[in-house]
Every structure is written in C-alpha cells, then in structure tokens.
Amino acid sequence: MSRPQYRRPFSRAGSLLAVTGMLTALLIGGAQQAGAADDFYTPPSPLPTGDNGDVVKSEPAQYANATSTRIMYLSRDTKDKPIAVTGSVIVPDRAWPGPGPRPVVAYAPFTAGMGDHCAPSKTLAGQSSGDLAEGFQKGFVDALLGKGFAVAQTDYEGLGPPGEHSYVMRVSEAHTVLDVIRAAQRTPGTGLPSDGPVGIAGYSEGGSAAASAAELAASYAPELDVKGVYSGAPPADKAKLAETLDGSMYAAFLGYALIGIDTAYPESKIVDELANDAGRKLFEEARTTCTIQAVFSYMFKNTSTLTKDGRPVSAYLNEAPFDRIVAENRIGGIKPAMPVLVEHAVFDDAIPYDIGKRMAKDWCDKGAEAEFRDLFTLSPVLAHAMGMSTASGNAANWLNDRFAGKAANGNCEK
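Residue numbers here run from 1 along each chain, matching the order of that chain's written sequence. In view of the model being predicted, local features appear only for residues whose pLDDT reaches at least 70, and side-chain atom pairs are presented and counted only at 80 or more, with totals across whole chains, interfaces and linings using the full set of residues. Side-chain calculation: all heavy atoms of the structure are included, whereas hydrogens and water are not.

This part takes up the state of the cysteines. Here, the term disulfide refers to a pair of cysteine sulfur atoms separated by no more than 2.5 Å. Under the definition given, this model contains two disulfides. For Cys-118, the disulfide goes to Cys-290, at an S-S distance of 2.1 Å. Taking the sign of the S-S torsion, -100° for the link of Cys-118 and Cys-290, the bridge is left-handed. With Cys-118 in the loop between β4 (104–108) and α2 (120–123) and Cys-290 in the loop between α9 (277–286) and α10 (291–298), this residue pair connects regions lying 172 residues apart in the sequence. Overall, Cys-118 belongs to the buried group, its relative accessible area being 2%. In this scheme, a residue with accessible area under 20% of its type's maximum is buried, one over 50% is exposed, and one in between is partly exposed, where area comes from a 1.4 Å probe on protein chains only. Here Cys-290 falls in the buried class, since its relative accessible area comes to 2%. Between Cys-364 and Cys-412 runs a disulfide, and the two sulfur atoms are separated by 1.9 Å. Around the S-S axis, the bridge from Cys-364 to Cys-412 shows a dihedral of about -80° and counts as left-handed. You can see Cys-364 sitting in helix α12 (residues 353–365) and its partner Cys-412 sitting in the segment after α13 (383–403), a full 48 residues away along the chain. Runs of E in the DSSP output that reach at least two residues are strands. Runs of H or I that reach at least four are helices, and both are numbered from the N terminus.

Printed below as a string of structure tokens:
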C-alpha cells in the first residue's frame, strides 16, 4: 500500500511550533480552571439494581445547536461488577435527513485525562475546562452531529464519578460504550427510538474502546442494531506500546495505562509492590491530570526510574499476572459482527501504525467485513494529534454511508 502524500502549507519546524503553541495554550487554559465538584456525579448508595444501560439520573446540559442531556447509567467493570458511569446524549436541532429513524452514534472519547474534571461530559458542556475538550474532542462530536446523528458519549469508568479511570482496559471500555447507546435509547425526552440504527466511533483511546465494543457487541448487547464501527489509531496491543511509549514524548500514556491496569486488576499491585517512591508519587500526581498537562509533565520519562528493581515496565509483561492481563486486553481476537473501518496515520508518533494495521488484519483473518486505510494528516509532525481532525470527518462520512444502506468496501483481500 502506497504511503499518502502530505500538503505542506508551512515547514515541519513551523508545524511543530504552531501545534506546540496551540497545545500549550490548551494546557494553560485547562490548568486555570479546576473541575468543580458536582453532586450529579455522585452515584446513589447503594447503587440501584437494574439492567445494563438503565438511566440512574439525568439533567439538562449545554451544547450549541443541539439538545444535550447529561446522564448517569448502569454498566459493568472489567470484573463484571455493576458500576455507575456518566456521559451525554446530544441530539442536533436539525432534522434527520436520511431514511428511517435518527441513528445514535456512540462517541468513544480519545484520551481526556485521569482527573474527574477532565470528564468529557463536563468539558463538552463547558462546566469544566480540560486540555482537549474545547478543540479536538468537540470537533469529533460536531462532525457526527453535522450529519444529523444523535451522539451518545461515555465518560468511561471512573471519569466523573468516584473511583479511578480504567484507561484502555478492553472489557470495561467496551461495556461503557455499548451501555451508553442503551442509555441514550432509554433517556426520556430525546425522541430517539428504542431499537433504531446505531454506530460507534472513536480515535486513540476511543479507537480501542470502539474496537473493543465491536468485538463484544454480539455477546454483550446483541439487541443493538449496530450498522458499523469506526476505529482510528487504536492502541490494540499494550505489550508493544509498553516498549514504544517508554521514554517517549507520550510517556504519560503509558503511565495512564498502568493506572488503568491497577484499577481494573487490583491483583497486579503495581503501586503497592512494583513502584518505588518516585513511581508512587507520579501515580498520585497523574491521577489528577488532563492529557496535555500529563504529556508535558512526563515527557521522555523512563519507567525504569519508577520501579523498585530498576526494570522497565516492558520487562514485567511476560511474568504473571501481567502476561494474562496483556493478553486479555489485546484487541483483534474476536470477529466483529458488523462492518468495521480502521484508520491509522503512517507516521503516527504515539501509537505505531503497525498496531492498527495488525488489528485489522487479525479481524480479516477471522472473516470480518473489515477495511483498513492510511489516515491522511496535514503534516507528519505530531501526526497522532493531527490525525484527529481528519478522523472525525472520515468517521462521520463512513457511518453515514452505512446508515444509508450502502455496502461497506472491505479490503481484506489486499
């Protein structure tokens, strides 16, 4: 497959300076406003019984040119225990122009951070200022709303309500994505049908969450009429990422993943037994950060400086219990029951291109209706971040074709 051509409106150095300046501005803006405690995000105790996707409570929220409802709904964590998860149901003011009822698209957010004030349901509504919400995060939602889709956005486990965020943990994120669709269909006053067509889309962390939902939809939520799933730049293989992220510009994402493992798998005892004093300090700090703050704070950090025995995180992954955990969280082992599109930028500087391509091939080998595309970016500099804006439009257009009844163009034979 040939590599894409890039338009260069300015030099690579200029690109880097411009994007770095933009990200720094976002960081400063996010740091100036701490997330306010909100009673809405406190689940009732005890948690009410009910079905997965049942709405625990809801309230009006703000979103331009749309009716937005903040929701809390029931879902399941990695150990299949019931949890309360928050999110948003956003219905555009414009009428649905396509055939049949208005579709609902589950938007799986990319990395927002670990602090509760970073929760997308807060930042999208302007309640709290996170690093990325006002720009990239909102741009993805706007692209979906622009097609007339309703958007069901999850905060995932532990973002907003009490508890830690189980970052990039496959089962938990699949559950929360699928259950936010159910919740949107059950939220009063939205005008959405209880059994209408649905889609799923996400990039980066959201790409892995969308892909995980594609794999588990048939077994966990078989009643959902999923027409297609878009997965952009998915971190599908955590073992490879442990090597490539360590000491890199995006070392913070590896730190987030370790917090995710510690949350989803308490038996791993990462903080209690493996981390040294510096590692425990980093864990405590990182738990309160949003994305860009963490990227700048932990850039080029080596995990060998954070463990008691001085070994990097990758050295543990062939040992129990981490070998099992890594295997359980690898995506590509289950055939999706719906058409899927995977996109990845060739020069992705955070999640290697080969990881997304490998996931798509694994699905193809299992007989899935899968398509893989190189993701175009304006510049190869900071290609992971630059790919978000392209991915949003591609996802909206591709899902629109699925809702229109057009056949997906799988390319597994290539």
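Let us keep going from here.
Our focus in this paragraph is helix α6 (residues 238–245). For α6, the full list of buried residues reads Lys-238, Leu-241, Ala-242 and Leu-245. Down the axis of α6, the buried side of the element spans an arc of 110°, and every buried residue falls inside it. Elements in contact with the buried residues of α6: α7 (251–264) and α12. Polar contacts, as counted here, are pairs of nitrogen or oxygen atoms within 3.5 Å of one another; within protein the pair requires one atom able to donate a hydrogen and one able to accept it, and residues that are adjacent in sequence qualify only if both atoms are side-chain atoms. Its side-chain oxygen placed 3.1 Å from the backbone nitrogen of Ala-239, Asp-237 serves as the N-cap of α6. Looking at the residues trailing α6, positive phi occurs at Gly-247, about 80°. The directions from the helix axis to the C-beta atoms are what the arc is built from. Contacts were defined at the residue level, with two residues in contact if any of their heavy atoms lie within 4.5 Å.

Before going further, it helps to examine the pattern of salt bridges. The term salt bridge refers to a side-chain nitrogen of Lys or Arg lying within 4 Å of a carboxyl oxygen of Asp or Glu. Going through the model one piece at a time under the given rule, you end up with 26 salt bridges. In this structure, Glu-328 and Arg-324 form a salt bridge, with 3.3 Å as the shortest nitrogen-oxygen distance. In this pair, Glu-328 and Arg-324 both sit in helix α11 (residues 322–328), four residues apart, roughly one turn of the helix. Here Asp-365 and Lys-361 are joined by a salt bridge, their closest N and O atoms 3.1 Å apart. Residue Asp-365 and its partner Lys-361 are both found in helix α12; the two are separated by four residues, about one turn of the helix. Its relative accessible area of 53% is what places Asp-365 among the exposed residues.

Pairing is mixed in the open sheet, where nine strands are placed in the order β1-β2-β3-β5-β4-β6-β7-β8-β9. Strand pairing shows two members of the sheet lacking a second neighbour, β1 (55–61) and β9 (370–374), which therefore form its edges. When the angles between neighbouring strand axes are averaged without regard to direction, this sheet yields 20°. Paired strands, in this sense, are two strands between which DSSP finds at least two bridges. Summarising the sheet, strand β7 (residues 225–232) and strand β8 (residues 340–344) pair through four bridges and their orientation is parallel. Bridging from a neighbouring strand, Tyr-230 pairs with Leu-341 of β8. Axis definition: a line fitted to C-alpha atoms, limited for helices to the stretch in contact. Angles are taken between N-to-C directions and run from 0 to 180 degrees. Across the face of the sheet, helix α4 (residues 170–186) comes into contact with β1, β2 (66–76), β3 (82–92), β4, β5 (150–154) and β6 (197–203) while running at roughly 130° to β2. Lying over the sheet, α13 contacts β4, β6, β7, β8 and β9, oriented at roughly 170° with respect to β6.

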